[in-house]
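Topology and contacts: notes
These are the residues of each chain, in order.
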Number of protein chains: 2
Amino acid sequence: MPTPSLLPGWTTAPEVRATHRTDRSGFDLGDGPDAVVFAVSVDDVVAVLAHAHSTGGSVVVRGAGTGLSGGAVAGPGSTVLDLTHLDRIREISPTDELAVVEAGVVTADLDAAAARHGLRYAPDPASLAWSTIGGNIATNAGGLRCAKYGVTRDSVLGLDVVLADGRRISTGRRTVKGVAGYDLTGLLVGSEGTLGVVVGATVRLRPAPVRTATLAAWFDGFDAAAEAAAAITAARLQPAVAELLDASCLAAIAAVPGATEPHGRAFLLVQTDGYGADEEIAAVRDVVAPLTGRVELETDPHRADTLLATRRAALPALERLGRVLVEDVAVPRSRLPEAVAEIGAIADRSGIRIATMAHAGDGNLHPVLVLEPGRDLDDHVWDTAGAVFTTALQLGGTLTGEHGVGLLKRRWLRDELGPDALDLQQQLRTVFDPRGVLNPGKAL
Amino acid sequence: MPTPSLLPGWTTAPEVRATHRTDRSGFDLGDGPDAVVFAVSVDDVVAVLAHAHSTGGSVVVRGAGTGLSGGAVAGPGSTVLDLTHLDRIREISPTDELAVVEAGVVTADLDAAAARHGLRYAPDPASLAWSTIGGNIATNAGGLRCAKYGVTRDSVLGLDVVLADGRRISTGRRTVKGVAGYDLTGLLVGSEGTLGVVVGATVRLRPAPVRTATLAAWFDGFDAAAEAAAAITAARLQPAVAELLDASCLAAIAAVPGATEPHGRAFLLVQTDGYGADEEIAAVRDVVAPLTGRVELETDPHRADTLLATRRAALPALERLGRVLVEDVAVPRSRLPEAVAEIGAIADRSGIRIATMAHAGDGNLHPVLVLEPGRDLDDHVWDTAGAVFTTALQLGGTLTGEHGVGLLKRRWLRDELGPDALDLQQQLRTVFDPRGVLNPGKAL
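So, a few notes on the structure that sits alongside this text. In this text the structure is predicted, and so the values were computed from the model without any measurement.

1. Examining the pattern of salt bridges
Throughout the structure, instances matching the rule amount to 57 salt bridges over all chains. A salt bridge links E243(A) to R311(A), with the shortest nitrogen-to-oxygen separation between them at 2.5 Å. Placement of E243(A) in strand β13 (residues 241-245) and of R311(A) in helix α10 (residues 301-312) is noted, with a sequence separation of 68 residues between them. In this pair, the class of E243(A) matches that of R311(A), namely buried. Close ionic contact of D96(B) with R174(B) constitutes a salt bridge, the shortest N to O distance being 3.9 Å. With a gap of 78 residues between them, D96(B) in the loop between β5 (89-93) and β6 (98-102) and R174(B) in the loop between β9 (168-172) and α6 (184-188) connect regions that are remote in the sequence.

2. Notes on the relation of the copies chain A and chain B
Mapping chain A onto chain B leaves a residual RMSD of 0.0 Å; the transformation is a rotation of 180 degrees accompanied by 0.0 Å of translation along its axis. Seen this way, the second copy is the image of the first under a two-fold rotation axis. No C-alpha of chain A approaches the rotation axis more nearly than that of G276(A), which lies at 1.8 Å. Of the residues that chain A buries at the interface, 100% are likewise interface residues in chain B, meaning the two copies contact each other through the same surface.

3. Some thoughts on the nonpolar core
Counting 179 residues, the largest nonpolar core has L268(A) and L268(B) as the members making the most contacts within it. With near-sequence residues (within four places) excluded, L268(A) lies in contact with L215(A), A216(A), A217(A), F219(A), A225(A), A228(A), A229(A), I232(A), E243(A), L244(A) and V288(A).

4. Some remarks on the packing of aromatic side chains
All chains considered together, the criterion is met by eight aromatic pairs over all chains. Centroid distance F27(B) to W382(B): 6.1 Å. Interplanar angle 70 degrees. Geometry classified as edge-to-face. A residue pair is termed long-range when its members are at least 10 positions apart, and F27(B) in the loop between α1 (14-19) and β2 (35-38) and W382(B) in helix α13 (residues 379-394) qualify at 355 residues. Grouped by ring-pair contacts, the aromatic residues F27(A), W382(A), F389(A) and W412(A) constitute a single cluster.

5. Brief notes about the interface of chain A and chain B
In this complex, chain A contributes 83 residues to the contact, which on the side of chain B involves 83 residues. Counting each side, the surface lost to burial between chain A and chain B is near 6700 Å², with a carbon and sulfur contribution of 58%. For the chain A face of the interface with chain B, the top three residues by lost area are K177(A), Y182(A) and R236(A), together amounting to 15%. Applying the counting rule to chain A against chain B returns 16 salt bridges. Between R167(B) and D420(A) there is a salt bridge whose closest N-O contact spans 3.1 Å. On the surface where chain A and chain B come into contact, there are 30 residue pairs in polar contact (both at pLDDT 80 or more). Only α5 (146-149), β9 (168-172), α6 (184-188), β11 (206-207), α9 (277-288), α14 (410-417) and α15 (419-432) of chain A provide two or more residues apiece to the side of chain A that touches chain B. Top element by residues in the side of chain A that touches chain B is α15(A). It accounts for 10 residues.

Conventions used here
Residues numbered from 1 in each chain as written. Chains lettered and ligands numbered in written order. Predicted model: local features only at pLDDT ≥ 70, side-chain atom pairs only at ≥ 80, totals over all residues. Heavy atoms only, no water. Salt bridge = Lys/Arg side-chain N within 4 Å of Asp/Glu carboxyl O. Helix = DSSP H or I, 4+ residues; strand = E, 2+ residues; numbered from the N terminus. Buried < 20%, exposed > 50% of the residue type's maximum accessible area, 1.4 Å probe, protein only. Least-squares fit on C-alpha atoms with pLDDT ≥ 70 in both. Contact = heavy atoms within 4.5 Å. Core = buried A, V, L, I, M, F, W, Y, C linked by side-chain atoms within 4.5 Å. Phe/Tyr/Trp six-rings, centres within 6.5 Å; stacked < 30°, edge-to-face > 60°. Buried area = accessible area lost by both parts, 1.4 Å probe. Polar contact = N/O pair within 3.5 Å; in protein donor to acceptor, adjacent residues only side chain to side chain.

In structure tokens:
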């Protein structure tokens with residue numbers, strides 16, 4: 001077993017330590033990590049963990065660093081373990097509709113490889129062009145399509161894991177079903193690098209839909225758009241995608257040079273897919289049309305892509321306006337209109353601009369706090385974010401739908417889980433990592 | 001906190017102890033449990049567990065007793081905790097597409113209650129008319145529809161649990177998404193009553209499909225039918241149901257007085273659903289028709305139900321012939337034809353009749369060992385079953401797709417999980433149940 005500092009991927013170069021000290025949350029612990037290791041093999045991962053386990057070190061695992069909750073933020077005393085070079089797609093099995101990948105594979109690359117076999121990797125977080133499968137697994141990432149296809153956990157069949165003491169285990173299987181033993185695979189997904197280091201995964205692929213159909217609707221207010229989204233659910237329709245943007249998001253998009261003018265103060269985008277896509281989108285239109293006059297159906301894939309691009313443009317457009325803090329609460333779908341109204345009231349009270357986009361199909365809201373460029377995340381910012389979290393909990397929801405707890409939400413976690421469940425979780429963590437090697441101070 | 005023997009539902013009556021000593025596996029530990037408690041409230045559950053925890057007792061939790069792996073079998077020294085009287089559907093929320101139920105609710109009753117709102121509870125184990133939601137959760141039960149809609153875990157959002165020491169916790173949430181803390185809900189599903197007693201659940205409901213379409217195909221051999229099922233997957237089609245019966249199953253069904261004659265030596269039943277059902281079933285027919293001349297499409301719901309009834313009649317028909325041992329292996333879908341061939345060879349070698357039915361859509365096989373009436377499960381029977389399990393593992397599969405490990409499969413579990421993963425699981429069990437109160441000797 002080599003000492004990590006002898007590994008070819010090990011470095012203490014200040015410029016690397018600087019790039020590896022934070023993630024897309026912008027959260028910062030002051031100085032960066034002591035060292036960074038770019039693993040080029042699972043043996044490297046084993047060496048780093050076994051060394052930390054035996055010497056009392058701490059390790060922060062990192063993929064592309066696109067996380068929004070500070071899960072990969074690294075401070076002094078820690079070693080960052082960067083897995084982006086473990087990026088091989090080892091197998092695509094069209095007959096079993098699965099892929100075996102290393103943790104550093106970029107999500108969009110896997111999806112593209114699957115597409116060559118008429119398949120797709122369903123989870124599509126906004127960061128899919130950069131984020132890695134390992135990072136998606138760490139946070140149980142979601143995305144636009146999870147309204148119909150579920151989150152990352154629903155697509156992971158098995159994992160290759162290095163435990164905190166350097167032992168390797170495999171969890172799960174290549175079959176769709178299986179109940180032999182406890183579901184360690186599911187437990188590791190979403191555990192934010194605190195129970196083991198996921199170095200590889202067997203993931204489920206699904207048939208690429210034969211057809212998609214798209215509907216765009218514009219409303220005078222976000223509450224009306226949220227009501228329309230709830231009406232689609234109430235009509236027992238099941239879109240693959242159902243996305244909402246509020247007036248602040250639309251204004252930010254409109255301010256980007258070359259962008260087209262919005263047709264209202266709120267935007268609802270719905271996509272259906274599969275053999276019944278056209279008939280199902282017509283049923284969606286029948287629900288939405290009585291609620292607004294501005295509805296368009298789009299069956300041309302290129303023009304549909306333009307509508308999707310409007311949705312995807314929102315966060316980059318907001319980032320042009322200042323420092324953003326992207327929140328991630330979820331509520332039961334029927335409470336979406338209330339959540340939207342309450343978030344508007346919080347913005348008014350706090351004086352902080354909050355632009356909200358939402359995955360309406362599963363009640364997942366992303367209220368984005370838009371701060372002055374360079375503003376610190378001071379107490380007033382956190383109080384405002386905390387009011388949003390508390391609202392979500394009061395409506396029967398959760399602090400985080402798909403980004404994770406990381407560093408940012410730990411202080412509210414007990415309110416959601418309760419003391420006994422949180423205590424159990426801390427004991428589970430100790431079973432996996434008795435010496436506290438893995439991502440200490442995060443997730444719980 | 002009352003002593004359990006003071007609870008109104010507590011009994012040591014020999015006839016009750018006799019009915020509660022085994023489940024549908026027929027497995028038997030000699031004498032039955034010391035006592036049975038019919039819980040009528042969660043407080044009763046708390047009292048039984050707290051008492052066992054403090055006195056060193058052991059508790060076997062039981063629903064309807066339809067389990068096939070011996071998970072609810074109870075022997076001397078144990079108390080059976082029967083939850084069937086906790087049978088209230090506390091809420092159906094059509095707007096959030098969820099239900100809140102007590103553990104003893106019968107699965108079909110929940111589905112029927114959901115149907116009144118245009119919804120359904122998707123998991124449909126063969127026992128759904130008798131089995132309880134709590135039992136389904138304990139084994140992560142599957143069923144015919146899980147080819148498209150997933151197993152029980154995919155429909156459970158949150159749980160109300162009494163821990164081994166009598167503390168109550170809630171896990172999960174009412175939202176579709178959520179990543180705050182580790183996924184205790186997923187860990188408890190399929191844990192066979194060894195991590196906590198599930199007394200209630202928040203489950204997901206899904207829109208009832210607007211249409212279903214059904215195809216029945218008959219083949220000269222099971223291998224040809226399995227190849228047809230694999231061809232459907234390879235064509236990127238995604239049926240809601242894809243079921244196979246072999247010649248032994250068909251012969252058993254034909255032997256039931258009044259049954260119609262089979263049209264071949266293997267039967268494939270496929271159902272599609274949703275807005276595109278008709279078009280998708282036509283695509284299925286285009287794949288299957290070149291492989292056999294005997295294909296019929298059925299859009300009439302009543303005649304389609306008759307075809308489904310053929311499938312559901314198989315196990316009762318086999319039970320008329322002798323003592324059955326229902327196995328439950330799963331393999332990657334592409335390996336289904338190999339698994340079928342190898343199981344046939346095992347039957348020939350052993351001289352034990354093995355009738356096989358399969359959920360082809362997810363590679364889950366139920367090879368049913370048909371023994372003489374009253375025959376003991378002797379070493380030759382277990383060697384034969386063991387050969388089936390080993391075959392599944394060699395093909396990249398699992399010992400159990402949807403029935404659980406229970407008592408029956410413990411001796412093969414290490415072969416599947418490996419020693420390190422099994423050791424971790426045992427440590428997790430100890431965190432939840434340090435004194436070994438819950439279902440000792442089962443599951444791991």
